Amino acid sequence: MTQEEIQTSIQNFYKENNIAPERFTDEMEKHYREGLDYDVRICRPRLEAALKKWLNNFEEQDQFWYLRMFEHFTYLTQRDFEYRVYCLKEYVFHVLSGCSQDKIMIVFSESSKGYKSGSSQMSAAWWKACGGEMSKSQLIEAYSKVTMENLKEMDAIVFADDIVATGFTLSNTIRDFFKRFPIKEFAHTRFFATGVIAAKRGQRTIDNLKKEGWKVQWIYDEEYSKQAFKGEYIFSGGEKRAAEAAVLKYEEKVGKDADGKSYVMGYEKSKLLVGFHYEIPNNTLCTFWRYGERHVPLFERSGNQSLSLQEIRARKKKLQNNAYQMKSEEEI
């Protein structure tokens, strides 16, 4: 691809996501001293370098398909994510307007591995969006630590996740919750489920819980995420088959673990193009976030990093230089 084509694609990516690139930096000192937003993935110099390196993974005739997908990639900056959570909170309060506000509890998907996850980001953003409207005891990050006494007087309990793509994570959260707290113990409580970003498939998974006896109502007020090769939002008519075939061959090279676990075309073939400022969901096409033997991703995902020794040394040197500069300024 030419330099002009790459520059145009970057501009289209920023425009699609309402991102003003001049507001972002990958240096914490500039974030602190100049008030710029800190995001190492999308600040312009870092993004341009990563995009060029990423495109080299693909044959020249296939780079076109990947640039088109990049231009339509949904990326939520911290500011956008917090606003989406605020809008979600407002919609939940609207739907539950008949409930006493202090009788609404939000249950976030608990981290299955016990460490930082999307639920901690959700909880922090929701608390910020509330501005004192709810107490901390109404926002539950670890339902395994809550007792029935905390729950049984609630008018409504809302299960919430950052992304509901397949719906498996949120539906498992709901099942585990009801194993701990039998639904028959709730005399008057109504149950709901929602997410910041969702796909229709995720909604169907939640709706199917009713067949298992869990009366959980899905609520959502945003546009649903689309699969990369469905509809006309990226590729038109005859392009879709050619684009999907070209992408599949690269997905198969990097998407399979030695134990047989597959992320080819995204987790459970979700085929999404979605990223948050804090993480890239594994529902996204894995060639965007996953390292392979000779594949460097555009947006690396936590737990899948693979920095070279040269990159580690360069990063260490940059940190040392920044620390020296700050010390010199303080001595003036």
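Our subject is the structure that appears above.
The notes below deal with the structure included here.

Each value, and the rule that gives it
Residues numbered from 1 in each chain as written. Predicted model: local features only at pLDDT ≥ 70, side-chain atom pairs only at ≥ 80, totals over all residues. Heavy atoms only, no water. Helix = DSSP H or I, 4+ residues; strand = E, 2+ residues; numbered from the N terminus. Buried < 20%, exposed > 50% of the residue type's maximum accessible area, 1.4 Å probe, protein only. Contact = heavy atoms within 4.5 Å. Areas by Shrake-Rupley, 256 points an atom, 1.4 Å probe, with all protein chains shown as cover. Arc of directions from axis to C-beta. Patch = residues over 30% accessible without salt bridge, like charges linked within 9 Å, V, L, I, M, F, W, Y side chains within 5 Å. Salt bridge = Lys/Arg side-chain N within 4 Å of Asp/Glu carboxyl O. Pairing = 2+ DSSP bridges. Right-handed = clockwise from strand over helix to strand, strands pointing away. Phe/Tyr/Trp six-rings, centres within 6.5 Å; stacked < 30°, edge-to-face > 60°. Axes fitted to C-alpha atoms, helices over the stretch in contact; angles between N-to-C directions. Parallel < 35°, antiparallel > 145°, perpendicular 65-115°, else oblique. Left-handed = near helix turned anticlockwise from the far one by under 90°. Nonpolar A, V, L, I, M, F, W, Y, C, P; charged D, E, K, R; others polar. Core = buried A, V, L, I, M, F, W, Y, C linked by side-chain atoms within 4.5 Å.

## Structural notes on the overall build of the protein
In step 1: Along the backbone of the protein there are eleven helices and nine strands.
In step 2: By residue count, 46% of the 332 residues in the protein fall in the buried class.
In step 3: Long-range contacts, defined here as pairs at least 24 residues apart, represent 69% of the contacts in the protein between residues at least 6 apart.
In step 4: As displayed, the protein has an accessible area near 17800 Å², and 48% of this comes from carbon and sulfur atoms.

## Here we look at helix H9 (residues 200–207)
In step 1: The complete set of buried residues in H9 reads Gly-202, Gln-203, Thr-205 and Ile-206. Looking straight down H9, one finds that the buried residues subtend no more than 160 degrees of arc, so they occupy a single side.
In step 2: Check the buried side of H9 and you find it contacts strand S6 (156–164), helix H8 (168–180), strand S7 (190–198) and strand S8 (216–218).

## A short note on a nonpolar patch on the surface
In step 1: A cluster of nonpolar side chains, Met-28, Tyr-38 and Val-40, forms an exposed patch at the surface whose accessible area comes to about 240 Å².
In step 2: Among the structural elements, Tyr-38 can be located in strand S2 (residues 37–38).

## Structural notes on the pairing of S7
In step 1: With eight of nine residues buried, S7 lies mostly within the body of the structure.
In step 2: Where S6 lies against S7, eight bridges are found, and the strand directions are parallel. Pairing of Phe-159 across the sheet is with Ala-193, part of S7.
In step 3: In this view, the connection linking S6 to its parallel neighbour S7 by way of H8 has right-handed handedness.

## A few points about the packing of aromatic side chains
In step 1: Within the structure shown, the criterion is met by 36 aromatic pairs.
In step 2: Relative to Phe-186, the ring of Phe-177 lies with its centre 6.3 Å away and its plane at 25 degrees, an arrangement referred to as stacked. For the residue pair Phe-177 and Phe-186, the accessibility class agrees, reading buried in each case.
In step 3: Here a set of aromatic residues connected by ring pairs shows up, and it is made of Phe-13, Tyr-14, Trp-54, Phe-58, Tyr-66, Phe-70, Phe-73, Tyr-75, Tyr-250, Phe-288 and Phe-299.

## Let's talk about the pattern of salt bridges
In step 1: The full count for this structure, using the stated rule, is 16 salt bridges.
In step 2: A salt bridge links Asp-37 to Arg-23, with the nearest nitrogen and oxygen atoms 2.9 Å apart. One end of the pair, Asp-37, is in strand S2; the other, Arg-23, is in the loop between helix H1 (3–16) and strand S1 (24–25), and 14 residues separate them in sequence.
In step 3: Exposure remark for Asp-37: the relative accessible area of 23% places this residue in the partly exposed category.
In step 4: What makes Arg-23 partly exposed here is its relative accessible area of 33%.
In step 5: Sharing partners across several salt bridges, the network here consists of Lys-89, Glu-90 and Glu-133.

## Digging into the packing of helix H5 (residues 78–95) against helix H6 (residues 118–130)
In step 1: One can describe the packing of H5 onto H6 by two numbers: an axis separation of 9 Å at closest approach and a directional angle of 65 degrees. Judged on the interaxial angle alone, H6 and H5 are roughly perpendicular. Every pair of crossing elements has a handedness; the one defined by H5 and H6 is right-handed. Residues Phe-81, Glu-82, Val-85, Tyr-86, Leu-88, Lys-89 and Val-92 of H5 form the contact with H6, whose own contacting residues are Gln-121, Met-122, Ala-125, Trp-126, Lys-128, Ala-129 and Cys-130.
In step 2: Split into classes, the residues belonging to the contact of H5 with H6 amount to ten nonpolar, one polar and three charged.

## Concerning the pairing of strand S4 (residues 104–108)
In step 1: Counted residue by residue, S4 has five buried out of five residues, so it is predominantly covered.
In step 2: Going residue by residue along S4, you find Ile-104, Ile-106 and Phe-108 tucked away on one face and Met-105 and Val-107 tucked away on the opposite face as well.
In step 3: Bridge analysis of S4 against strand S5 (residues 139–140) gives two bridges, and the strand direction is parallel. Looking across to S5, one finds that Ile-106 is bridged to Leu-139.

## Describing the packing of H1 against helix H3 (residues 44–55)
In step 1: Taken N-terminus to C-terminus, the directions of H1 and H3 make an angle of 125 degrees; their axes are 11 Å apart at the nearest point. What the angle tells us is that H1 and H3 run oblique. For the pair H1 and H3, the crossing hand works out as right-handed. Side by side, H1 and H3 meet where Gln-3, Ile-6, Gln-7, Ile-10, Gln-11, Phe-13 and Tyr-14 of the first sit next to Arg-44, Leu-47, Glu-48, Leu-51, Lys-52 and Leu-55 of the second.
In step 2: Among the residues forming the contact of H1 with H3, the class breakdown is seven nonpolar, three polar and three charged.

## Looking at unusual backbone geometry
In step 1: Although it is not a glycine, Asn-18 sits at a positive phi angle of roughly 55 degrees.
In step 2: Along the chain, Asn-18 falls in the loop between H1 and S1.
In step 3: Classification of Asn-18 by relative accessible area gives exposed; the value is 70%.
In step 4: One non-glycine residue, Lys-269, adopts positive backbone phi at about 55 degrees.
In step 5: Within the fold, Lys-269 resides in the loop between helix H10 (239–254) and strand S9 (274–276).

## A few points about the nonpolar core
In step 1: One finds Phe-13, Met-69 and Phe-70 to be the most contacted residues of the largest nonpolar core, which totals 40 residues.
In step 2: Every element with two or more residues in this core is listed here: H1, H3, helix H4 (60–71) and H10.
In step 3: If sequence neighbours within four positions are ignored, Met-69 has contacts with Ala-228, Phe-229, Ile-234, Phe-235, Val-247, Leu-273, Leu-285 and Phe-288.
In step 4: By size, the runner-up hydrophobic cluster in this structure holds 30 residues, among which are Val-92, Phe-93, Ile-104 and Val-196.

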